[in-house]
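Notes for the structure review
Now for the letters of each chain:
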Amino acid sequence: MARDRTSSTRTAAVVGGGALLAWILLRGARGAGGATSAATAAAPPAPCQVRIRARSIELDGAPADLPTTVAACRAAGAASVSATGDAIVGVIAETTRALRAAGVRVDAAPEIRPYVDAAILANP
């Protein structure tokens, strides 16, 4: 009988240890895969920095035309738009409408927000 009890205890320990090991490995594998995909998903591209000057556009500090700006910001998914004091309201409106039409989320500086909102509402 003592031998049966020892054998049963050993079997229970092996099965329990195996189950614990499997649980730890599965949880670790799921966590590692989740961490990798979460890190990838948590690191979206930075928003484009669009600055409107008079009648021109700067994209991330360099001169750019509207199609280039829209394509780069579409890839990023978002644009942070600001303007200088000499920016023409029509250029602000045209740029923000084009970005919105391309599915880009537009965050505007407070001083130009009314023009951006009006351009989006007008949507010619």
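In the block above lies the structure referred to throughout.
Nothing here was measured: the structure is a model prediction, and the numbers come from that model.

Thoughts on the environment of Val 81
Residue placement: Val 81 occurs in strand β4 (residues 78-83). In sequence terms Val 81 and Ala 109 are 28 residues apart; their C-alpha atoms lie 6.2 Å from each other. Setting aside residues up to four positions removed in sequence, Val 81 forms contacts with Val 50, Ile 52, Thr 96, Leu 99, Val 106, Asp 107, Ala 108, Ala 109 and Ile 112.

A short note on the environment of Gly 77
Within the fold, Gly 77 resides in the loop between α2 (66-76) and β4. C-alpha separation for the pair Gly 77 and Pro 47, spaced 30 residues apart in sequence, amounts to 6.8 Å.

Digging into the sheet that holds strand β2 (residues 56-59)
Hydrogen bonds along the backbone pair up the strands of a sheet, which may run parallel or antiparallel. Strand order in the open sheet formed by 5 strands is β3-β2-β1-β4-β5, and the pairing between neighbours is mixed. Edge positions in the sheet fall to β3 (62-64) and β5 (105-108), since each of these pairs with one other strand and no more. For this sheet the average axis-to-axis angle between neighbouring strands, irrespective of direction, equals 35°. Here strand β1 (residues 48-53) runs beside β4; their pairing, made up of 5 bridges, is parallel. Paired with Gln 49 across the bridge in β4 is Ser 80.

The rules behind these values
Residues numbered from 1 in each chain as written. Predicted model: local features only at pLDDT ≥ 70, side-chain atom pairs only at ≥ 80, totals over all residues. Heavy atoms only, no water. Helix = DSSP H or I, 4+ residues; strand = E, 2+ residues; numbered from the N terminus. Contact = heavy atoms within 4.5 Å. Pairing = 2+ DSSP bridges. Axes fitted to C-alpha atoms, helices over the stretch in contact; angles between N-to-C directions.

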